[in-house]
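# What the coordinates show
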Amino acid sequence: MIDWQAQAKKDRIIVALDCDKACAIQKVQQFEGQVKWVKVGMTLFFSEGPEFVAYLKESGLNVFVDLKLYDIPNQVKLAARELMRCGADIITLHASGGLETTCKYVEENRSLFLDRFDSFADTSVVAVSVLTSFDQVGLCQIGIENDLANQVDKLSLLAKEAGVDGMVCSAFEAKDVRQIFGDDALVITPGIRSAGSSVQDQKRVADANFAFEQGASHIVIGRPIMQANDSLAAFEEIAKSVV
Ligand code: C5P
């Protein structure tokens, strides 16, 4: 488990490198010595693969590989193993992908992604609850009538039972999730926006300070930093606001 409590909030800001390889390399060079965590999502991973994760690790960064795995348990298990093998510090899977099945695997034979006997790296596994791009209306549209906060709680309880290391949720559910998981767990909150800035496709947004106050261990920020005229200055401004 990542000893996040020992780290300053600034060092717990994860910058999402949602761009192409050239842009990612340029940002990594610009961020050198300042940014401690980066996130590789589908955009970069699908174009550059595990080699790029290795490059980021060699650059001294902590790497969150956020592919939000969602498939049958066997496929998730094998895919998670590959992500562990490529050196990811944190990986994600969807809690809604069937954690009851996962629980069974974990409890009965420890043979799914949390198999500590056969893990390739010290990788933390976190479960995605309800995407921050969803609001209550969006949730109903896909047939989930449950109150959004209750749905996050429900998925968190299942994921906790399965033994994952934490959850991804919005800042608004971070307090509840922290309560469910306890002090050491990873509670990762995307959907971070400063007051007055564009929310883009996100629905449940909050500022960095609020997210940490609510119990987030890490916050994820993409476009507000990556699309700023000066990405390092944008990062530093947010970092200053959370001291
Ligand atoms: O650009 P922005 O700050 O909105 O990016 C947020 C990042 O966090 C994206 O890379 C997205 O994949 C990720 N994410 C999210 N909501 C989740 C889980 C991950 O926005 N629930």
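So, here's what we can say about the structure. Quantities reported herein were computed from a predicted structural model and do not represent experimental measurements.

Tracing the backbone through its elements, the reader meets lysine 27 in helix α1 (residues 21–31). Within the structure, lysine 27 has its side chain in polar contact with the backbone oxygen of methionine 226 (distance 3.4 Å). With residues up to four places along the chain from it excluded, the contact list for lysine 27 reads Leu17, Met226 and Ser231.

This part is about the packing of aromatic side chains. With the rule as written, the count across this model stands at two aromatic pairs. Note on phenylalanine 52 and tyrosine 55: the rings are 5.1 Å apart at their centroids and 45° apart in plane angle, and the pair reads as tilted. Of this pair, phenylalanine 52 and tyrosine 55 both sit in helix α3 (residues 50–58), three residues apart, roughly one helical turn. Residue class for phenylalanine 52 comes out buried when judged on its relative accessible area of 5%. Relative to phenylalanine 210, the ring of phenylalanine 172 lies with its centre 5.6 Å away and its plane at 45°, an arrangement referred to as tilted. Of the two residues, phenylalanine 172 sits in the loop between β6 (166–168) and α8 (174–181) while phenylalanine 210 sits in helix α9 (residues 208–213), which places them 38 residues apart along the sequence. In this structure phenylalanine 172 comes out as partly exposed when scored by relative accessible area, which is 48%.

Listed as buried for α1 are Ala24, Lys27, Val28 and Phe31. Along the long axis of α1, the arc covered by the buried residues comes to 100°, so they all point the same way. For α1, the exposed residues set more than 90 degrees away from the buried face come down to Ala22 and Gln29. Tucked into the core, α1 has its buried residues touching β1 (13–16), α2 (42–48), α3, α10 (223–226) and α11 (231–241).

Near the ligand lie 16 residues; those nearest to it are Asp18, Lys39, Thr132, Gly222 and Arg223. At a separation of 2.8 Å, an oxygen atom of the ligand approaches a polar side-chain atom of arginine 193. In isolation the ligand offers 460 Å² of accessible surface; the protein chains occlude 89% of this area. Of the residues belonging to the shell around the ligand, the class tally is seven nonpolar, three polar and six charged.

Another aspect to go through is the pattern of salt bridges. On inspection of all chains with the given rule, the structure shows six salt bridges. Here aspartate 66 ties to lysine 68 by a salt bridge, and the two come within 2.7 Å at their closest N and O atoms. Among the salt bridges present, the one from arginine 85 reaches glutamate 82, with a minimum N-O distance of 3.2 Å. Taken together, the residues span about one helical turn, with arginine 85 and glutamate 82 both in helix α4 (residues 73–85) at a distance of three residues. According to the relative accessible area criterion, arginine 85 is partly exposed, its value standing at 49%. Within this structure, Lys39, Asp66 and Lys68 form a network of salt bridges that share partners.

Now for the sheet that holds strand β3 (residues 62–69). With parallel pairing, eight strands are arranged side by side around a closed barrel as β1-β2-β3-β4-β5-β6-β7-β8. Between one strand axis and the next, the sheet turns through 25° on average, direction left out of account. Across three bridges, the pairing between β1 and strand β8 (residues 218–221) is parallel. Residue valine 15 lies in a different strand from β8, and its bridge partner there is isoleucine 221. Along the sheet face, α4 touches β3, β4 (90–94) and β5 (124–128) and points at about 165° away from the line of β3.

The next thing to look at is the environment of lysine 175. Looking at where lysine 175 falls in the secondary structure, it is placed in helix α8. Judged by its relative accessible area of 54%, lysine 175 falls in the exposed class. It is 28 Å that separates the C-alpha atoms of lysine 175 and methionine 226, two residues lying 51 residues apart in sequence.

Definitions and cut-offs
Numbers given to residues run from 1 along each chain, matching the order in which its sequence is written. Local features in a predicted model are, by the rule used here, given only for residues with pLDDT of at least 70; side-chain atom pairs are given and counted only at 80 or more, and totals for whole chains, interfaces and linings are based on all residues. Think of the side-chain values as coming from all heavy atoms in the structure, minus any hydrogens and water. Starting at the N terminus, helices and strands are each numbered in turn, a helix being any DSSP run of H or I of at least four residues and a strand any DSSP run of E of at least two. Polar contacts, as counted here, are pairs of nitrogen or oxygen atoms within 3.5 Å of one another; within protein the pair requires one atom able to donate a hydrogen and one able to accept it, and residues that are adjacent in sequence qualify only if both atoms are side-chain atoms. In what follows, residue pairs with any heavy atoms lying within 4.5 Å of each other are defined as contacts. Ring pairs are drawn from Phe, Tyr and Trp, using the six-membered ring of Trp, whenever the two centres fall within 6.5 Å, and their geometry is named by plane angle: stacked under 30 degrees, edge-to-face over 60, tilted for the rest. Partly exposed residues are those whose accessible area sits between 20% and 50% of the maximum for their type, while under 20% is buried and over 50% is exposed, using a 1.4 Å probe and protein chains only. The directions considered for the arc run from the helix axis to the C-beta atoms. A cutoff of 4 Å decides nearness: a residue is near a molecule or strand if any of its heavy atoms lies inside that distance of it. Per-residue accessibility takes into account occlusion by the displayed protein chains alone, with areas from the Shrake-Rupley method and a 1.4 Å probe. Side-chain classes follow a simple rule in which Ala, Val, Leu, Ile, Met, Phe, Trp, Tyr, Cys and Pro form the nonpolar group, Asp, Glu, Lys and Arg form the charged group, and the remainder, Gly included, forms the polar group. A side-chain nitrogen of Lys or Arg and a carboxyl oxygen of Asp or Glu constitute a salt bridge if their distance falls within 4 Å. Any two strands with at least two DSSP-identified bridges between them are counted as paired. Inter-axis angles, ranging from 0 to 180 degrees, are taken between N-to-C directions of lines fitted to C-alpha atoms, where helices are fitted over the stretch in contact.

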